[in-house]
Amino acid sequence: MMNKFKDGFLIGAATAAHQVEGNNVNSDCWVMENVPGSIYKEPSLDAADHYNRYEDDIKIMADAGLNAYRFSIEWARIEPAKGRFDENEIEHYKKVLECCYKNNITPIVTLHHFSSPKWLIPEGGWEDEKTIHYFENYCRHVVEKLGDMMPYICTINEANIGIQIKKFMAMAEGSDNLEKDANIQVGLNKDAKVDMKAYYEALGEAFGIDPAKVQPFVAPRTVEGDRIVMRCHERARQVIKNINPDIKVGITLSLVDYHVLPGGERLAAADQDEDFLHYLPYLQDDDFLGVQNYTRQVYGPSGVLRPVGEAKLTKMGYEYYPEALAGVVRFVSKHWNKPIMITENGISTDNDTDRVDFIEHALKGLYQCIEEGIEVIGYMHWSLLDNFEWQLGYEQKFGLIAVDRATQTRYPKRSLRCLGNIGKYGF
């Protein structure tokens, strides 16, 4: 007998605007990629040209059997200068939404996915109280114009990433190899000896501010900065609901599957609180929670243990462990009794057979969670396209669709068909 997700279950793929659209020239990330001594391996440039090719990409998804698409609207396009909104860009994203509906794809919109307008950084960035007001204004403008077409909104992608980066950078302090010591999921595998001082001096000059005050979203975050991010979420949710109470609003968090060995309980509990539990008071009025998971972490008495022996690794360098998804869903469900959406899950690999196996194992585990009574409403695989993986450039391959960047030709992989077939027929 086939196991099949119930009718209405959302099964699709995800992208982030800066990683796929290309030429996001008003973004802080564009500045960070192009300053002298950048820690980015390469600039994004045209990326996957999804800005111009979204119709073809969405049709490929639909033809494969997917029924949902999580994508982000780029704040730097909508508001390229403080207080100046570009209606042509609103019209662009309206067309993307219309294209989704034309292809029977449910859109899941993220309002902020790591990149911000470059004007925000001289204003204090993500450590400044003013950003709450700026983010509120941006969200209001988008939802007033497009809200009737957006059934699901994720306000902020991986709201906990700044706290995680601070932790990972501390782990790597004094290390000869940040790639092994930091959580590579966030794209931090740069040599620990990189001259960050020179890089931040270049950023300070580019943004016209003190280098110490350069605070993009993907940067080590203070406790106060963490609070500001969550107040941005609360304010955005309030604005969205005031305009259209029917929109389902949530946030997404980066979470690992926590495996605890004897003696590791205290350290694991501290990470669980830092990564997830302390955010719960801010989320009580949310409609769903976006869970993003790529691997597990094993805790021993001295901290997180590296994969050893025969452990299989992804191209990113962390453990291949598709069972992590079910593990983290079970953990979240103990503390969250509302709907869960898997907003990212996947692997970087040059071997698509590994991706097929990963999808099958992850989704079987997710199906079992649903059978146990956990309310999971959707699964968005990361990523729809091979894309620009932030500091790591184009070497990493997360996509269900390969992209020849010289020609921008799309080559759907077997894993895309696998995911669509599971959605249509089960497994």
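Residues numbered from 1 in each chain as written. Predicted model: local features only at pLDDT ≥ 70, side-chain atom pairs only at ≥ 80, totals over all residues. Heavy atoms only, no water.

> So what about the overall build of the protein chain? Which residues, and what values?
Counting secondary structure elements, the protein chain contains 14 helices and 13 strands. Expected size for 427 residues packed as a compact globule is a radius of gyration near 22 Å; at 20 Å, the protein chain falls within 12% of this value. Dimensions of the protein chain, computed from the C-alpha atoms along their principal axes, are close to 65 × 55 × 45 Å. Across the 427 residues in the protein chain, those meeting the buried criterion constitute 61%. (Helix = DSSP H or I, 4+ residues; strand = E, 2+ residues; numbered from the N terminus. Rg over C-alpha atoms; globule rule 2.2 N^0.38 Å. Buried < 20%, exposed > 50% of the residue type's maximum accessible area, 1.4 Å probe, protein only.)

> Run through the sheet that holds strand β1 (residues 10-14), naming residues and quoting values.
With parallel pairing, the eight strands of this closed barrel are ordered in space as β1-β2-β3-β4-β5-β7-β10-β11. Mean inter-strand twist for the sheet, computed between neighbouring axes without regard to direction, equals 25°. Examined bridge by bridge, strand β2 (residues 68-72) and strand β3 (residues 106-112) share five bridges and lie parallel to one another. Bridging from a neighbouring strand, Phe 71 pairs with Val 109 of β3. (Pairing = 2+ DSSP bridges. Axes fitted to C-alpha atoms, helices over the stretch in contact; angles between N-to-C directions.)

> Please set out the packing of helix α12 (residues 324-333) against helix α13 (residues 352-371) residue by residue, giving values where relevant.
Helices that pack against each other are described as a pair by the angle of their axes relative to one another and the distance between those axes. Their axes nearest at 7 Å, the elements α12 and α13 cross at an angle of 25°. Judged by the inter-axis angle, α12 sits roughly parallel to α13. Counting all contacts with α12, which are made through Leu 325, Ala 326, Val 329 and Arg 330, the residues of α13 involved are Ala 362, Gly 365, Leu 366, Gln 368 and Cys 369. In terms of residue class, the contact of α12 with α13 is made up of six nonpolar, two polar and one charged. (Parallel < 35°, antiparallel > 145°, perpendicular 65-115°, else oblique. Contact = heavy atoms within 4.5 Å. Nonpolar A, V, L, I, M, F, W, Y, C, P; charged D, E, K, R; others polar.)

> Please give an account of the pattern of salt bridges that cites residues and values.
Counted under the stated rule, the structure contains 27 salt bridges. Salt-bridge contacts for Glu 344 lead to Arg 70; the nearest nitrogen and oxygen are separated by 3.2 Å. Of this pair, Glu 344 sits in strand β10 (residues 340-345) while Arg 70 sits in strand β2; the two residues are 274 residues apart in sequence, bridging distant segments of the chain. In this structure, Glu 224 and Arg 227 form a salt bridge, with 2.4 Å as the shortest nitrogen-oxygen distance. Placement of both Glu 224 and Arg 227 in helix α10 (residues 223-243) is noted, with a separation of three residues, approximately one turn of the helix. Classification of Arg 227 by relative accessible area gives partly exposed; the value is 25%. Several salt bridges share partner residues, and in doing so they unite Glu 129, Glu 224, Arg 227 and Arg 231 into one network. (Salt bridge = Lys/Arg side-chain N within 4 Å of Asp/Glu carboxyl O.)

> So what's going on with the pairing of β1? Which residues, and what values?
Within β1, five of the five residues are buried, leaving the element largely enclosed by the surrounding structure. Sheet topology note: the β1/strand β11 (residues 376-382) ladder contains five bridges and is parallel. In the sheet register, Leu 10 faces β11, and the bridge partner there is Gly 378. Strand direction decides the pairing type here: β1 and β2, joined by three bridges, are parallel. Opposite Ala 13, over in β2, you have Tyr 69 as the bridge partner.

> Outline the environment of Met 169, supporting the account with residue identities and numerical values.
When you line up the elements, Met 169 lands in helix α7 (residues 161-172). Residue Met 169 is classed as partly exposed on the basis of its relative accessible area of 30%.

> Tell me what's going on with the side chain of Lys 167, and back it up with residues and numbers.
As for its position among the elements, Lys 167 is in helix α7. Its relative accessible area of 16% is what places Lys 167 among the buried residues. Setting aside chain neighbours within four positions, we find Lys 167 in contact with Asp 271, Glu 274 and Asp 275.

> Could you give an account of α13, with specific residues and numbers?
Given a rise of 1.5 Å per residue, 20 residues ought to cover 28 Å, and the 28 Å separating the end C-alpha atoms of α13 matches this to within 8%. Listed in full, the buried residues belonging to α13 are Asp 352, Asp 354, Arg 355, Val 356, Phe 358, Ile 359, Ala 362, Leu 363, Gly 365, Leu 366, Tyr 367 and Cys 369. Buried residues belonging to α13 abut β1, α12, β10, β11 and α14 (414-425). Here α13 starts with a cap whose side-chain oxygen sits 3.0 Å from the backbone nitrogen of Thr 353, and that cap is Asn 351. (Expected span 1.5 Å × (residues − 1). Polar contact = N/O pair within 3.5 Å; in protein donor to acceptor, adjacent residues only side chain to side chain.)

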